[in-house]
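Coordinates in review
Listed below, chain by chain, are the residues.
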Amino acid sequence: MQLPNKNQIATNLHEVLEVRSLTPSTFVMRLERQNITFRAGQHLGVGPTNSIHTREYSVYSGENEPYLEILVKEVLNGFISPALRKEIPGNRVMVEEPTGYFSLPPAFKSSDKFLFIASGSGIAPFHSLIRTYPKLNYQLLHGIRYASERYDIDHYAPSRYTACTSREKTDDTYFGRVTHYLEEHPVEAGTRCYLCGSSDMIDEVYDLLVGQGVPQEMIHLEVYY
C-alpha cells in the first residue's frame, strides 16, 4: 500500500492542553483531539504554527481517549522538538492526519502473544497499543541508557515490562542491551514481534529473531532514527 504524499496530507491547528516533562530532554505533549481518528501504532506530523516543517511522532495516547498525545525527545539544534518544548497550554500547533501501518492485525485473538521491543522514545506506539488494548497478551522490552528513562513506567504491568539499561545497573532493571536479553531469553514460538526505535537496534534484533527461528512475516518494523 502506498503512503500518502506529504502534500496530500491535511493539516489542522490543535490547541495544546498540557506539556508534561518526563526527563530533562523528553516530554509528553497533550493536544485537543478534534475529529481525528487513528489506529494505535500510527503517527502524526506535528509542528509549530510559525514553521513550514512538521516532524512525525507516533501517537502516545490510546484510541479511545478524548485527546491526542505524542512523546517527544528533544533534539539539540533540531528544527521541531525545541520549538515544541516551548509551547504552553492555550497555544496551537499544526497537526497532520495520522498515517502508517504499525498496528496490530485486524483479527488478532486474545490468546495471541506479542513481543514489543523499543529503544528510547520508540516506546511511544506501544504505549498507545497497550492503552487501547489493556488485556493484550504482551511483553515489552525497553532499551534505555538509564533507569530514569523508563517513561511512564506505572502505565505497564510490572510483570510485562523489562527495562534493559546499558549504562546503569539497578536492582529492578536488566543490565545490558535488548539483544543480550533476547540471547538469554529466546522468543517463544508463535510470538508476533514489533520493533520500534533506532535503525541499529532494529537491524541487530531483526537478525537475532530470524536466527532464533521467528518467521519474517511475524516481525514488524518502525524505524525512528
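Note: the structure precedes this text.
Below is a short write-up of the structure. (Residues numbered from 1 in each chain as written. Predicted model: local features only at pLDDT ≥ 70, side-chain atom pairs only at ≥ 80, totals over all residues. Heavy atoms only, no water.)

With that settled, consider helix H2 (residues 124-132). For H2, the tally of buried residues reaches eight of nine residues, placing the bulk of the element in the interior. Taken as a whole, H2 has its buried residues at Ala 124, Pro 125, Phe 126, His 127, Ser 128, Leu 129, Ile 130 and Thr 132. The elements touched by buried residues of H2 are strand E4 (55-58), strand E5 (67-73), strand E7 (113-119), strand E8 (138-144) and strand E11 (191-197). (Buried < 20%, exposed > 50% of the residue type's maximum accessible area, 1.4 Å probe, protein only. Helix = DSSP H or I, 4+ residues; strand = E, 2+ residues; numbered from the N terminus. Contact = heavy atoms within 4.5 Å.)

Moving on: the nonpolar core. With 24 residues, the main nonpolar core has Phe 116, Ile 123, Phe 126, Tyr 138 and Leu 140 as its most contacted residues. Elements represented by at least two residues in this core include exactly E7, H2, E8, strand E9 (161-165) and E11. A per-element tally of this core places H2 first, with four residues. Ignoring any residue separated from it by four or fewer positions in sequence, one finds Leu 140 in contact with Phe 116, Ile 123, Phe 126, Ile 130, Tyr 156, Arg 160, Tyr 161 and Thr 162. (Core = buried A, V, L, I, M, F, W, Y, C linked by side-chain atoms within 4.5 Å.)

Moving on, we come to helix H4 (residues 199-211). Over its 13 residues, H4 extends 18 Å from the first C-alpha to the last, a length consistent with the 18 Å expected when each residue adds 1.5 Å. Listed in full, the buried residues belonging to H4 are Met 201, Ile 202, Val 205, Leu 208 and Leu 209. Looking down the long axis of H4, one finds its buried residues gathered within 135° of arc, a one-sided arrangement. Exposed residues lying more than 90 degrees from the buried face of H4 are Asp 200, Asp 207 and Gly 211. Taken together, the buried residues of H4 touch E7, helix H3 (178-184), E11 and strand E12 (219-223). Gly 213 occupies a position one or two residues after H4 and carries a positive phi of about 95°. (Expected span 1.5 Å × (residues − 1). Arc of directions from axis to C-beta.)

That's the geometry; what it means functionally is another story.
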